[in-house]
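What follows is each chain in one-letter form.
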Amino acid sequence: MRSFDFVAKRVMFAVVTVFVAITLNFVLFRTLSGDAVSALRCRQCTKEFKEYQRQELGLDKSKLEQYKVYLEDLAHGDMGKSLRSERPVTEELWAPLKNTIPMVALGTLFSIVFGILVGVVCAWRRATWADKTGLWSALGFYSMPPQWLGLLIVLFVAGAVGLPTAGIKDPTLGILGDASTWDVLVDRLRHMILPALTLGLVLYGEYALVVRSAMLETLGEDYVLTARAKGLSNWRTVRTHGFRNALLPIVTLVALSLGFIIGGSITIEYVFSYPGIGLQVVEAIDQRDYPILQGAFLLLTLSVILANLVADLLYFKLDPRVST
Amino acid sequence: MRRKTAIALAILAALILASAGCGGSSSNNATGSGGSETGNAVEGGILRVGSINYIDSFNPFHYIESQAYNAFIMLYPQLVQYDYQNGAYVIVGDLADSWDTSKDGKDWTFHLKSGTKWSDGQPMTAEDVAWTINTTVKYASGPTAVMAPALAHVKNAEATDPTTVVIHYGAPVGNALAQLEQFFVVPKHLWEKYATGDGKGLKTYAPEQDIGSMVTGGAFTLKQYEKKGTTVFLPDPNYWGEKAHVQAVALTYYTNADSMIADMKSGQVDWVDQVPFNAVDVLKKDPSIVVQQIPGAETTNITWNSNPYKDKNRELLDPQVKQALSMCVDRDKLIEVVFNGYADTVESLPGHISLYENKDLGPLEHDCAAANATLDSLGYKKGPDGTRMVPATTGKYAQPAHPMEYRIMTPTSLDFNGDRAFEIMKEGFAEAGVKVSQWVGGDSTAAYEIETTDHCDPKTNSGYTGWDIAMWDWVGYVDPDFMLSVVTKGQWCSWSDTGWDNPDYDKLYDEQGTTVDEDKRAAIVQQMEKMVYDNWLYTQLVEEQYIDAHTSGWDGMDPHLNAYAKMYWTEPHKVG
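Heads up: these notes are all about the structure in this document. Here the structure is a predicted model, which is why all the values come from computation and not from measurement.

Thresholds applied
Residues numbered from 1 in each chain as written. Chains lettered and ligands numbered in written order. Predicted model: local features only at pLDDT ≥ 70, side-chain atom pairs only at ≥ 80, totals over all residues. Heavy atoms only, no water. Salt bridge = Lys/Arg side-chain N within 4 Å of Asp/Glu carboxyl O. Helix = DSSP H or I, 4+ residues; strand = E, 2+ residues; numbered from the N terminus. Buried < 20%, exposed > 50% of the residue type's maximum accessible area, 1.4 Å probe, protein only. Phe/Tyr/Trp six-rings, centres within 6.5 Å; stacked < 30°, edge-to-face > 60°. Lys NZ or Arg CZ within 6 Å of the ring centre and 35° of its normal. Pairing = 2+ DSSP bridges. 1 Å grid on protein atoms, 1.4 Å probe; cavity = no way out; pocket = protein on both sides within 12 Å on 5 of 7 lines; lining within 4 Å. Points joined across faces, edges and corners; volume = space filled by probe spheres on them. Nonpolar A, V, L, I, M, F, W, Y, C, P; charged D, E, K, R; others polar. Core = buried A, V, L, I, M, F, W, Y, C linked by side-chain atoms within 4.5 Å. Contact = heavy atoms within 4.5 Å. Disulfide = S-S within 2.5 Å. Buried area = accessible area lost by both parts, 1.4 Å probe. Polar contact = N/O pair within 3.5 Å; in protein donor to acceptor, adjacent residues only side chain to side chain.

## Thoughts on the pattern of salt bridges
Logical step 1: Per the counting criterion, the structure on display carries 22 salt bridges over all chains.
Logical step 2: The closest approach of N and O atoms between K310(B) and D468(B), which form a salt bridge, is 2.9 Å. In this pair, K310(B) sits in the loop between strand 13 (289-304) and helix 9 (319-327) while D468(B) sits in the loop between helix 13 (444-452) and strand 19 (469-475), placing the two residues 158 residues apart along the sequence. Taken as a pair, K310(B) and D468(B) share a single burial class, namely buried.
Logical step 3: K489(B) is paired through a salt bridge with D501(B); the nearest N and O atoms lie 3.1 Å apart. Remark: D501(B) occurs in the loop between helix 14 (481-485) and helix 15 (503-513) and K489(B) occurs in the loop between helix 14 and helix 15; sequence separation between them is 12 residues.
Logical step 4: Judged by relative accessible area, D501(B) falls into the buried class, the value being 18%.
Logical step 5: Each of R87(A), E91(A) and E92(A) takes part in a single network of salt bridges with overlapping partners.

Have a look at this one:
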């Protein structure tokens, strides 16, 4: 029964958070100066064209009416149409999302693997050269703004290793002949490596530091001392008694940092001209494309809330104290 | 475990080593202005173009981005287009071979090339031209509003035979050919199904969503479209004009110029259509890259709020005050520091690119002593802290005595270092005893909202309050009509960023628009430029140079033709 209460409370909390986020998404972007029509800065955008567009896009209606329409549409699963391209928001977001997910997944995987490895090694070999090197590298990458690190990689690494710095596809691939699936796959991966590496390095720093700290705390516990006294091998002590108990803060961190991962990918995608959700958001802000912004941030909100919900439920599994 | 840690450390080491080893440079291989012809032309090859502008649409009735306009030039026929010959822009035929006009200037007859075809093999005739014109005029206040300005004053068009089209204007139009240069013809047999009812289909049709059924009639066809990636164009075998030398043009969008320049240096881009000022010197040192620089069309200015109905800081409506403050700004320093030397001084609003530039304006001298003398003579005495005071005034727009302290708004979307430019202005203004602070106005949209103000309405003369000085830019065009329009009352709350209201100027604007005689029109235009200059609506600071770069394996690129002619992409070729 207590388990049911815990899960129900968490789910209710998530639902309320989503509704608040939906409303905030609507209000916040409209506090920006101008709208999608006044954002049109082209020579051919005459007064007549702007007036016509304002009517067509419903921007001549009051904010309250626009909010009602937004909620009604959302209740029907319709996120509206982009004010710039006039295509459905779901279509406009899906294509960039498809590009972002593998890049973010690759970067996150890199950061989790290396963050945990370096964190564990640092704690295990505390105060040795391995600890110092790992600690300083983690601090270094953690303190770097993602876009700055990205620019360094563009300027100094890309050329040296022969990897592309922009887009998701070689401009010449498949132009004069058909490209095989393998060629396309390799090409995509090549374009993904540098942005994923940038994201991965920044996250790696954070993960390594937290893992190191959690491991140090755990390795100082009495039960670890007992395990050592029992004659368990060093490796087994670290793996089964240390690492397993240090997992809780790591799970929380990964879930909490999902928002940062997507947020961080905005600047990284901008640096690498990577046509993902981050680039789409930057463009939508510039163009005051409210439906795209609302849709993108709703997705972000949902993904963060979902990740936190999953983390809560994982806690339920990992930590018996939660359910008792 | 240790091995994996070592890998992570190796990556860190590689980053550091790479950064240490990549700072070298090589010798200079820059060219002067204009395309150079070296080596033998070789047919074929994929021309990889890098750009910081993207294509948002392939529908000429519904687009916003300038790169889309460039794509239309390559994909759709125009009656006429610009060419750059002997140091000047001239109108030449595209689909039209020749043209003539009636004595009253109201009827223009275009004689089209014969035997022309669309990309699907259908014949391209005068009927296509007449239909596109009549459809654009029919829906001008709605779905075709974007292309309608190119047909200002057009009543209708008729195809008198398959190769002759007559355009009837309601009034003589001084710049009819320059306007038609911005008009694209679409195939009637594909588009007429969208021109029914309220015509919304004309706007919502997105050819790029089904490239296979897209019909074009220019030098290229569309092979592949990625809005934020690479768009590929193939030469159209049905094109009637000079065929392209290349097998394909792959236009790649970059969100930031640094990546684009890095890709060019590493051989992944052949041609960059706009090089940022801070990258020019680096590219010039690379022997495998050819840099071309020409006078550009973009001018940077101090924009003065010239709304005659504004209620604060009205001393800034006085042209003498604006001129005096402008004289304290060191434009040469601005060019050297902000634009790395890749800009020139400019005086007129439409700039050097304009056909009718008034060359008698200015030049604005950097003479702050004279400026101080002017301000002294106007009664703006310096206070104890060195800041000048404005005496109290009476009357409808009475204002109390106040120090000459202002905010200068700078948008964040400038393509140069606005903060540094502001500092140079601030230094100059301080010499004149005027204190200024920077007001970062946000992106273009936010900054423009500040300029025009909420609830802007020309009928009640409301708007254009709450700011005094801004720093921004304009991009001029060969025909000065648009640039002249931006200070008319008709553009209040739209393109006007000064809030000026001068009926005499507006009358001249209308007059130049209907003056067919070129010399007479030039005289009116130059008179208008002088009015803008004498009233100091803008202090024109500099005109940015337009700089492009290509690798030495290519040639035939002429930056003058960018956004003007199909030759811009048909002439480039590999060199053997």
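## Let's talk about the packing of aromatic side chains
All names here are of chain B.
Logical step 1: By the definition in use, this model includes 40 aromatic pairs over all chains.
Logical step 2: Ring pairing ties together the aromatic residues F58, F220, Y225, F233 and W569, which thus form one cluster.
Logical step 3: Cation over ring: R314 sits above Y397, and NZ or CZ is 3.8 Å from the ring centre.
Logical step 4: Over the ring of W439 we find R407; its NZ or CZ atom is 3.7 Å from the centre of that ring.

## Overview of the sheet that holds strand 21 (residues 554-555) of chain B
Residues and elements named next belong to chain B.
Logical step 1: Here three strands make up an open sheet; going across it, the order is 1-22-21 and the pairing antiparallel. A strand with exactly one partner marks an edge of an open sheet, and here the two such strands are strand 1 (41-42) and strand 21.
Logical step 2: Across two bridges, strand 21 lies against strand 22 (residues 573-575) in antiparallel orientation. Counted as the bridge partner of D555 is H573 from strand 22.

## Quick look at empty space enclosed by the protein
Logical step 1: In total, this model carries seven cavities of 30 Å³ or more according to the counting rule given.
Logical step 2: The calculated volume of the largest cavity comes to roughly 80 Å³.
Logical step 3: Considering the residues around the largest cavity, the lining is formed by A36(A), V37(A), L40(A), Q53(A), L57(A), L83(A), R84(A), Q287(A), D289(A), H62(B) and I64(B).
Logical step 4: Tallied by class, the residues present in the lining of the largest cavity amount to six nonpolar, three polar and two charged.

## Description of the nonpolar core
Residue and element names in this part refer to chain B.
Logical step 1: In terms of nonpolar packing, the biggest core is built from 116 residues, with F110, F220 and F233 touching the most fellow members.
Logical step 2: Broken down by element, this core gets its largest block of residues, seven residues, from helix 2 (residues 66-75).
Logical step 3: Apart from residues no more than four positions distant in its own chain, F233 is found in contact with I55, F58, A71, L75, F220, T221, L222, A248, V249, L251 and W569.
Logical step 4: With 68 residues, the next largest nonpolar core counts L361, L375, V436 and W492 among its residues.

## Describing the layout of surface pockets
Logical step 1: Of the voids in this model, the second largest pocket is the one considered here, and its volume is about 890 Å³.
Logical step 2: Lining the second largest pocket we find 35 residues, and of these R87(A), E92(A), A95(A), Y225(B) and K227(B) sit closest to its centre.
Logical step 3: A per-class count over the lining of the second largest pocket returns 12 nonpolar, 10 polar and 13 charged.

## Regarding the state of the cysteines
Residues and elements named next belong to chain B.
Logical step 1: Tallied over the entire structure, the rule returns two disulfides over all chains.
Logical step 2: The residue that forms a disulfide with C328 is C368, at a sulfur-sulfur distance of 2.0 Å. Looking down the S-S bond of the C328 and C368 bridge, the torsion is 95°, so its handedness is right-handed. Taken together, the positions of C328 in the loop between helix 9 and helix 10 (331-338) and C368 in helix 11 (residues 368-377) put the pair 40 residues apart, joining distant regions of the chain.
Logical step 3: Taking relative accessible area as the criterion, C368 reaches 8% and is therefore assigned buried.

## Let's talk about the pairing of strand 2 (residues 46-51) of chain B
All names here are of chain B.
Logical step 1: Most of strand 2 sits out of view: five of its six residues are buried.
Logical step 2: Where strand 2 meets strand 11 (residues 248-253), six bridges bridge the pair, whose relative direction is parallel. Paired with I46 across the bridge in strand 11 is A248.
Logical step 3: As paired elements, strand 2 and strand 12 (residues 271-272) share two bridges and run parallel to each other. Each bridged residue has a counterpart across the sheet, and for V49 the counterpart in strand 12 is W271.

## Concerning the interface of chain B and chain A
Quoted interface sizes are often the accessible area lost when the parts come together.
Logical step 1: Contact residues are listed per partner, giving 66 residues for chain B and 65 residues for chain A.
Logical step 2: Summing the contributions of chain B and of chain A, the shared interface buries around 5,700 Å²; its carbon and sulfur component is 62%.
Logical step 3: Where chain B meets chain A, there are six salt bridges.
Logical step 4: The salt bridge involving E65(B) is made with R84(A); its shortest N-O contact spans 3.3 Å.
Logical step 5: Applying the counting rule to chain B against chain A returns 17 residue pairs in polar contact (both at pLDDT 80 or more).
Logical step 6: Residue assignment for the side of chain B that touches chain A shows that the elements contributing at least two residues are helix 1 (2-21), strand 2, helix 6 (200-204), strand 9 (220-224), strand 10 (230-235), strand 11, helix 7 (257-265) and helix 13 of chain B.

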